[in-house]
Amino acid sequence: MSAAAPPATKTTSSGASAAHQAAAKRRRRRNLLVGWSFILPNFLGFATLTLVPVIGALAISFTDWNSYTTPKWVGMDNFQRLWNDSNFWAALQNTFYYAAGHIPLTLVASLGLAVLLNQKLRGVHVLRTAFFFPYITSLVAVAVVWNMLLSPESGPVNQFLTFLGVDHPPGWTSSQDWAMPALIIASVWRDMGYYMVLFLAGLQTVPAELYEAARVDGAGPWQRFWHVTLPGLRPTTFFVTVMITVSSFKVFDLVQVMTEGGPGRSTLVLSQLIFREGITQGRFGYASAVSLALFLICLVITVIQFQMQRRSER
């Protein structure tokens, strides 16, 4: 009887191991289901509102379709027309013009505000709220107010410039040369409060010990900002830069309300061209081709930004 004991122990051990493996599989399956239960609602929203429309726009870009008739396959005709369309190239140039002004100015303004309002000042919370408030204000209201401020005849801005001795103040939104700068100024004023909050959050992660060590070493305010603050804000700056870049290339509503793409084509941007061709003219195939071009431009620029960020981290 004693000789039969080891096999029984081995069998019991094998059974316990199998039960343990089965319990582990059940736990993994349960954890997987729990994880999918959190992800699925967001994924369904993303698939319904973003992924499916993007795939649909890609398919429509190869067709001639006005939403009332059956789509007609035209192959690369829409992209050939896009290549030869002067409106597309004007909109592309204006979009890069807007981005070249909006991105650096918003970065500098929001970072400067964050550094200033990160100090121990009286009423600092009120000031933070005041600078953030334009971002949550209706963009239509912001555009209307800025149109009034920049009115060539009766706007306070031109009246102030005239008071300073400027004989011929800018025409702003009525001038082909000044309409885009007017849009950039209004956009920076609206957006800088939001990105200021992101920079403020980033400033809280910079260790205070680094500033103390810099002071002990005799570093002045500018040296502390350049050698402590900016390196500490590198991840935040990268994130903010990507966000501003994407928002700059897809700007639409501010342009639509303030200038409607005018005067002439001086403020026509790609998003507005898509709106005109698709919603106004009913040429959804061509509008989808322009949308695809805009998507590829944003994708390429974002990939370049990620590559530059990786190189800087090395």
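Structure: above.
Let me begin by describing the structure that accompanies this report.

So, how was this worked out
Numbering of residues begins from 1 in every chain and follows the order in which that chain's sequence is written. Per-residue local features are limited, in this predicted model, to residues with pLDDT of at least 70; the limit for side-chain atom pairs, both in listing and counting, is 80 or more; totals at the level of whole chains, interfaces and linings are taken over all residues. With hydrogens and water stripped out, all remaining heavy atoms of the structure feed into the side-chain values. Put simply, a salt bridge is a Lys or Arg side-chain nitrogen that is within 4 Å of an Asp or Glu carboxyl oxygen. Labels follow the DSSP assignment, with helices taken as runs of H or I lasting at least four residues and strands as runs of E lasting at least two, numbered in each case from the N terminus. Relative accessible area decides the class of each residue, using a 1.4 Å probe on protein chains only: under 20% of the type maximum gives buried, over 50% gives exposed, and in between gives partly exposed. The axes used here are C-alpha line fits, helices contributing only the stretch in contact, and every angle between their N-to-C directions lies in the interval 0 to 180 degrees. Roughly parallel covers angles under 35 degrees, roughly antiparallel covers those over 145, roughly perpendicular covers 65 to 115, and oblique covers all other angles. By the definition used in this description, the sense in which the near helix is turned from the far one sets the handedness, with an anticlockwise turn below a right angle giving left-handed and a clockwise turn giving right-handed. Here, two residues are considered to be in contact whenever any of their heavy atoms come within 4.5 Å of each other. Following the grouping adopted for this structure description, the nonpolar residues are Ala, Val, Leu, Ile, Met, Phe, Trp, Tyr, Cys and Pro, the charged ones are Asp, Glu, Lys and Arg, and the polar ones are all others, Gly among them. An expected span of 1.5 Å times one less than the residue number is assigned to each helix. Bend, at a single residue, is the angle you get between axes fitted to the 7 residues ending at that residue and the 7 residues starting at it. What makes a patch is a set of residues exposed beyond 30% relative accessible area and free of salt bridges, joined within 9 Å when like-charged and within 5 Å when nonpolar (Val, Leu, Ile, Met, Phe, Trp, Tyr). Note on areas: these come from Shrake-Rupley sampling with a 1.4 Å probe, and a residue is covered only by the protein chains present in the view. Neither His nor the chain termini are counted; the positive set is Lys and Arg, and the negative set is Asp and Glu. Charge placement uses NZ in Lys and CZ in Arg. For Asp and Glu, CG and CD serve respectively.

Observations regarding the pattern of salt bridges
It is possible for side chains of opposite charge to pair when their charged atoms get near one another. Under the criterion given, the structure shown has 4 salt bridges. Salt-bridge contacts for Arg81 lead to Glu277; the nearest nitrogen and oxygen are separated by 3.6 Å. Of the two residues, Arg81 sits in helix H2 (residues 77-83) while Glu277 sits in helix H12 (residues 270-280), which places them 196 residues apart along the sequence. Put simply, Arg215 and Glu212 hold a salt bridge, and the shortest N to O gap is 3.4 Å. Within this pair, Arg215 and its partner Glu212 are both found in helix H8 (residues 208-216), separated by 3 residues, close to a single helical turn. By relative accessible area, which is 46% here, Glu212 ends up partly exposed. Via salt bridges that share partners, Arg81, Glu277 and Arg283 belong to a single interconnected network.

Quick word on the packing of H12 against helix H13 (residues 284-313)
Two elements in contact, H12 and H13, have axes whose closest approach is 7 Å; the angle formed by their N-to-C orientations is 160°. By the angle between their directions, the pair H12 and H13 is classed as roughly antiparallel. You can see that H12 and H13 cross each other, and the crossing is left-handed. In contact with Leu270, Ser271, Leu273, Ile274, Glu277, Gly278 and Ile279 of H12, H13 contributes Phe284, Tyr286, Ala287, Val290, Ser291, Leu294 and Ile297. Here the residues of the contact of H12 with H13 sort into 10 nonpolar, 3 polar and 1 charged.

Here we look at helix H7 (residues 179-203)
With 25 residues, H7 ought to run about 36 Å at 1.5 Å a step, and its terminal C-alpha atoms sit 35 Å apart, in line with that. Along its length, H7 reaches its greatest deviation from straightness, about 35°, at Met192. Where burial is concerned, most of H7 is hidden: 19 out of the 25 residues are buried.

Looking at a positive patch on the surface
Taken together, the side chains of Lys25, Arg26, Arg27, Arg28, Arg29 and Arg30 define a basic patch exposed on the protein surface. For Arg29, the position within the fold is in helix H1 (residues 5-60).

Points about a nonpolar patch on the surface
Together, Leu32, Val34, Trp36, Phe38, Ile39, Leu40, Phe43, Leu44, Phe46, Leu51 and Ile55 line one region of the surface with nonpolar side chains, adding up to about 1,100 Å² of accessible area. Looking at the element boundaries, Leu40 is found in helix H1.

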